[in-house]
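# Coordinate inspection notes
Below are the chains, spelled out letter by letter.
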Amino acid sequence: MALTAATQPSIEEIALGVFPGLPKIAVHWPLIDFECGPEQGADNFIDWFHKAYRGELEPFVLIVEGSIPDESISGDGYFSGFGRDPETNQPITVNEWLDRLAPKTTIVLAVGTCATYGGINAMAGSPTGAMGVPDYLGWDWTSKAGIPIVCVPGCPAHPDNLSETILYLLYQVAGQAPMIPLDDQLRPQWLFGATVHEGCDRAGYYEQGDFAETYDSPKCLAKLGCMGQVVKCNVPKRGWINGVGGCPNVGGICIGCTMPGFPDKFMPFMDSRPDLLVSIPEHNPYGPVIRSLREVTLKQVHTEAPDLSAAPDSAAGSTETQQVEELRRELDQLRWEHAEVRAQSLRDSLTASYNRRYLDQRLDDLLATETAGIGVAVALVDLDFFKLVNDTHGHQVGDLVLQQVVEVMQDGLPDGAFCARYGGEEFALVLPDVDEATAIMVCETTRERVEHHPWEHLATELRVTVSIGIAHRAPVCAAVPPGPAGQPGSAGQPGSAGQFSAGSELLLSADQMLYQAKQSGRNAVAFRSADGVALAGLACHRRGGPCGPG
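The numbering scheme is per chain: residues are counted from 1 as the chain's sequence reads. Local features are withheld for residues below a pLDDT of 70 in this predicted model, meaning they are given only at 70 or higher, and side-chain atom pairs are given and counted only at 80 or more; totals for whole chains, interfaces and linings count all residues. Side-chain numbers come from the whole structure's heavy atoms, not from hydrogens or water.

### Looking at the overall build of the protein chain
Elements are defined by DSSP. Helices are runs of H or I of four residues or more, strands are runs of E of two residues or more, and each kind is numbered from the N terminus. A tally of regular secondary structure across the protein chain gives 18 helices and 13 strands. For the protein chain, the proportion of contacts with a sequence separation of at least 24, taken over those separated by at least 6, is 66%. Of the accessible surface of the protein chain, which amounts to about 28,200 Å², a share of 54% is contributed by carbon and sulfur atoms. In this analysis, two residues are considered to be in contact whenever any of their non-hydrogen atoms come within 4.5 Å of each other. Calculation of accessible area relied on Shrake-Rupley with a 1.4 Å probe; when residues are assessed, cover is drawn exclusively from the protein chains displayed.

Written as structure tokens, this is what we have:
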């Protein structure tokens, strides 16, 4: 339906071939063909699908609108039928049509958020197991022409985004355009490369901390629930019809309808998100200061040039200069305080090591960019029998032990590595750009330094050792391949339920090795070798197991 409102280009211009070099096309679309009926009328609409399946339409583009149900859980019935099989007179499901036509089509174009990512039909608790076309066919699926699934999300899809994508694909098929550039969610990059916030006329109010309280206000809508800062969509720039309208342009909040996480991750729609309100004065005092500075400057430039023959009003000029300088000093102070607060938010208050938030963010970033080095290693370090230290010597001594263990570990880390508190008496050592042998040697050295540290100066007969589990990941040049086509939520693909990040998976592997180090008797470094689990250094020789470097 949205395509009927397209103007740049219009569907009429595409269908009539008014653009130079555009291939001649036939549009089989009941919405614009009054003679067309599902299985009746002068134009039997379903018959075109049967012809495509029999190979009588070549080439053709398959445009899919609406989510794909999981018919494997439909029981004795079906969720979505589309015409009947002429041989059996039984309904043909949408899934079966995709199975029939996907191998034969030149392009699969998924239109609307339901067809692209499942949309509202796929929200948590859906009885149909609905999914998007990429979830059904597979995120790495390509047509016989080598073209990936192309997604134009939106609820509804933007008219001109859809018509422009169709036009590009037709030129590509005609050999007059290169492969369509898509982002990691299979959306055209030039349409979905920027966020709503980046293209919004209201963005200037956001940085000033000036927010709308009602929908008829021209100010930023973030406090009313607008999610535009984290939503990829070009509506603020493009408008809706002929450049006019569009959600934030007319006072409507962005609810994230072009995103794979819609609607679950954006609900409830009318509630503001504290993590997106950093310019509100109580979260970040920059806004009011910036606004005050601009008001002073505006006052200066919003008047005619002074008469140079007249005596200058030195008092007024001096007052304005003092105001500007005072505001600048205040802004510098706020910047410094903000930097301090940010630094503290990433550190553990007891040990001054990095905290779990920093660990998760930094590790995922390292793994995402590690494509040409020699790999990233993660070691989980656990203090052996730490509860006994607290019970015997008291929690104050226990706190001192944690602090000094961190100091000992950090002193021996190579450049670029860092230590983070994982939880309780467990710490993570992240070693970027190291091979596995180097990581093992660093960890074995760390274990020895902790064991031989003079702990008796904290408490008589105090002894501290650590167990360490190591996981190493070599550089990768591509994403994890998807699961089998047709299975919803294939592991490692967008939209997967229970999906782990690369950092979480590496930490899980290190945790498994930490368990092995403890099982071997503690005070050991364990890692995975070609022969299974191996121990490093003296622990290996004491226990007679497979040995590695160190």
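From this point, the discussion proceeds with the structure in view.
### Concerning the confidence of the model for the protein chain
Predicted coordinates in areas of low pLDDT are best not read in detail. pLDDT runs from 0 to 100 and stands for how confident the predictor is about each residue. A residue-level look at the protein chain finds 82% of positions with pLDDT of 70 or above and a mean pLDDT of 84. This stretch, residues 478-498, has a pLDDT under 50; its non-local contacts, to residues over four places away or in other chains, come to 35 contacts.

### Here we look at the side chain of Ser217
One can find Ser217 in the loop between helix H9 (203-207) and helix H10 (235-238). Polar contact is the term for a pair of N or O atoms within 3.5 Å; when the atoms are in protein, one must be able to donate a hydrogen and the other to accept it, and sequence-neighboring residues count only if both atoms are side-chain atoms. Here the side chain of Ser217 touches Lys219 through a polar contact of 3.2 Å, landing on its backbone nitrogen. Leave out the neighbours within four places in its chain, and Ser217 touches Arg202 and Ala212.

### Quick notes on the pattern of salt bridges
Salt bridge criterion: a side-chain nitrogen from Lys or Arg within 4 Å of a carboxyl oxygen from Asp or Glu. Counted by the stated rule, this structure contains 16 salt bridges. Put simply, Lys219 and Asp210 hold a salt bridge, and the shortest N to O gap is 3.2 Å. When accessible area is computed with a 1.4 Å probe and restricted to protein chains, residues below 20% of their type maximum are described as buried, those above 50% as exposed, and intermediate ones as partly exposed. By relative accessible area, Lys219 is classed as partly exposed at 29%. The partner of Asp382 in a salt bridge is Lys518, and the shortest N-O contact between them spans 3.3 Å. Taken together, the residues Asp382 in strand S8 (residues 376-383) and Lys518 in helix H17 (residues 502-519) connect sequence positions 136 residues apart. What makes Lys518 partly exposed here is its relative accessible area of 24%. Within the structure, one salt-bridge network assembled from shared partners comprises Glu444, Arg447, Glu451 and Arg463.

### Things to note about the packing of aromatic side chains
Stacked, edge-to-face and tilted are the three classes for Phe, Tyr and Trp ring pairs, Trp counted by its six-membered ring, which pair at centre distances within 6.5 Å; planes under 30 degrees apart are stacked, over 60 edge-to-face, the rest tilted. All chains considered together, the criterion is met by ten aromatic pairs. A centroid spacing of 5.7 Å and a plane angle of 85° characterise the contact between Tyr206 and Phe211, whose relative ring orientation is edge-to-face. Using a relative accessible area of 7% as the deciding quantity, one classes Tyr206 as buried. Its relative accessible area of 8% is what places Phe211 among the buried residues. Joined through ring pairs, the aromatic side chains of Phe49, Phe82 and Trp97 make up one cluster. Distance and angle both matter: a charge sits over a ring if NZ of Lys or CZ of Arg is within 6 Å of the ring centre and within 35 degrees of the ring normal. If you follow Arg100 out to its NZ or CZ, it ends over the ring of Tyr53, 4.9 Å from the centre. The cationic tip of Arg347 hangs over the ring face of Tyr354; the distance from NZ or CZ to the ring centre is 3.8 Å.

### Remarks on unusual backbone geometry
Across the junction of Gln8 and Pro9, the peptide omega takes the value 0°, indicating a cis bond. Inspection of the secondary structure puts Pro9 in the segment before helix H1 (11-16). Although it is not a glycine, Phe385 sits at a positive phi angle of roughly 50°.

### Brief notes about the sheet that holds strand S11 (residues 466-473)
As a general point, the strands of a sheet are linked pairwise by backbone hydrogen bonds and lie either parallel or antiparallel. We treat two strands as partners when DSSP finds at least two bridges between them. Pairing within the open sheet is mixed, and its six strands lie in the order S9-S10-S8-S11-S12-S13. Every interior strand has two partners, whereas the edge strands, strand S9 (418-423) and strand S13 (532-535), have only one. The average undirected angle you get between the axes of adjacent strands in this sheet is 25°. Angles here are taken between N-to-C directions and fall from 0 to 180 degrees, while the axes themselves are lines fitted to C-alpha atoms, restricted in helices to the stretch in contact.

### Digging into the pairing of S13
Inspection of the sheet shows strand S12 (residues 525-529) paired to S13 by four bridges, in the antiparallel sense. Bridge pairing links Arg528 to Val533 in S13. Hairpin connection between S12 and S13: a loop of two residues separates the two successive antiparallel strands.

### What to know about the sheet that holds strand S3 (residues 61-65)
Overall, parallel pairing links the three strands, which are arranged S3-S6-S7 in an open sheet. Here the strands that pair on one side only, and so sit at the sheet edges, are S3 and strand S7 (150-152). Each strand axis lies, on average, 20° off the axis of its neighbour in the sheet, ignoring direction. By the bridge criterion, five bridges tie S3 to strand S6 (residues 107-111) in an arrangement that is parallel. Residue pairing for S6: Glu65 is matched across the bridge by Val111. Packing of helix H6 (residues 159-173) onto the sheet brings it into contact with S3, S6 and S7, and relative to S6 it is tilted by some 175°.

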